[in-house]
Amino acid sequence: MTQPVAWLCAAATCTHELRPHELDTGQLLCDPCIRAITGWLTEVPRQLIVLEASVQRETTGSPTRGGTRTAPTPGRLDTLNLLGPGAAGSVHDPHGDQHGQLPLTAVLGAWVRLVIEERRLRGPAHWQPANLADWLRPHVGWAAMQPWAGELRDELWSMIRNVRGITQVAPRTRPVPRPCPREACATMALTQTDWDQYIRCTACGFSFTQAELNDDAARRAAA
Ligand SMILES: [Zn+2]
Ligand SMILES: [Zn+2]
């Protein structure tokens, strides 16, 4: 009777219905969400370069003299918050004591810790945001099948949105003016997003490397 809620992607920030092949794998997140999370984790080290540079600029800028110090750039405190060390315990903050944004180390570290516990793995050698993001990335497919998958997606999305809000840097997606290499599709719907190693077809959902696209172009030219 009632449409089962379980057929929807588990992320509160996503409204996709799970497709049959996604249900078959037992994943609770839709494929686009899994791709998005992987993309955000790839994005973290790049964003850090911008975040750290902005802190550097302000701490090594003109010396403070008398009362003429220029006002700190808006977002400075947010930046320091994001780059700050993570609390040793859980990131969850039921009493709302944490002001501003949670440090990246705290957000990423809590998920890394959860994966370490549940998969009985050794954690990353270094506990910096870039290390944590790199370490977490290969586990996203597995994480998508866990009961907390939706929470992971929602929390990482909120984290990356805060980061982008400060750096004003977000990956851009451009159309790729070539037909999809899949014979059954062949739609002009390929796109490429910054920092994504794949070119993706928005019609059929398949993804291709640049080499595969080149091969396809050669094949079509020879046909
Ligand atoms: Zn989704
Ligand atoms: Zn396609």
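The structure this text deals with has already been given above.
Below is a summary of the structure that appears in this document.

The next subject is the overall build of the protein. Of the regular secondary structure elements, the protein holds eight helices and four strands. For the protein, the α and β elements follow one another from N to C terminus as α-α-α-α-α-α-α-β-β-β-β-α. In the protein, buried positions account for 25% of the 223 residues. By sequence separation, contacts in the protein at least 24 residues apart represent 48% of the contacts at least 6 residues apart.

Considered for burial, the residues of helix α5 (residues 129-136) that qualify are P129, L132, A133, W135 and L136. Each buried residue of α5 lies within a common arc of 165 degrees when the element is viewed along its axis, so the set occupies one face.

Turning our attention to the nonpolar core. Membership of the largest hydrophobic core comes to 36 residues, with the highest contact counts inside it found for L29, L108 and L136. Setting aside its immediate chain neighbours within four residues, L136 contacts L41, L108, W111, V112 and V115. L190, I199, C201 and F208 belong to the second-largest nonpolar core, a separate cluster that totals five residues.

Next up on the list: the packing of helix α3 (residues 76-83) against helix α7 (residues 149-167). Remark: α3 packs on α7, axes separated minimally by 10 Å, with the N-to-C direction vectors making an angle of 140 degrees. Between α3 and α7, the crossing angle belongs to the class labelled oblique. As α3 runs across α7, the sense of the crossing is left-handed. Touching D78, T79 and L82 of α3 are N162, V163 and I166, all from α7. When grouped by side-chain class, the residues that make up the contact of α3 with α7 number three nonpolar, two polar and one charged.

Our focus in this paragraph is the pairing of strand β2 (residues 190-193). In this sheet, β2 lies alongside strand β1 (residues 173-176) in antiparallel orientation, the contact comprising four bridges. Its bridge partner being in β2, V176 is matched across the sheet by L190. When β2 meets strand β3 (residues 199-201), the two strands line up antiparallel, connected through three bridges. Looking across to β3, one finds that Q192 is bridged to I199. Between β2 and β3, which pair antiparallel and follow one another directly, the connecting turn spans five residues, one of which, W195, has a positive phi of 70 degrees.

Rules of the game
- Residues numbered from 1 in each chain as written.
- Chains lettered and ligands numbered in written order.
- Predicted model: local features only at pLDDT ≥ 70, side-chain atom pairs only at ≥ 80, totals over all residues.
- Helix = DSSP H or I, 4+ residues; strand = E, 2+ residues; numbered from the N terminus.
- Buried ≥ 20, exposed ≤ 12 C-beta atoms within 10 Å, placed from the backbone.
- Contact = placed C-beta atoms within 7 Å.
- Arc of directions from axis to C-beta.
- Core = buried A, V, L, I, M, F, W, Y, C linked by C-beta atoms within 7 Å.
- Axes fitted to C-alpha atoms, helices over the stretch in contact; angles between N-to-C directions.
- Parallel < 35°, antiparallel > 145°, perpendicular 65-115°, else oblique.
- Left-handed = near helix turned anticlockwise from the far one by under 90°.
- Nonpolar A, V, L, I, M, F, W, Y, C, P; charged D, E, K, R; others polar.
- Pairing = 2+ DSSP bridges.

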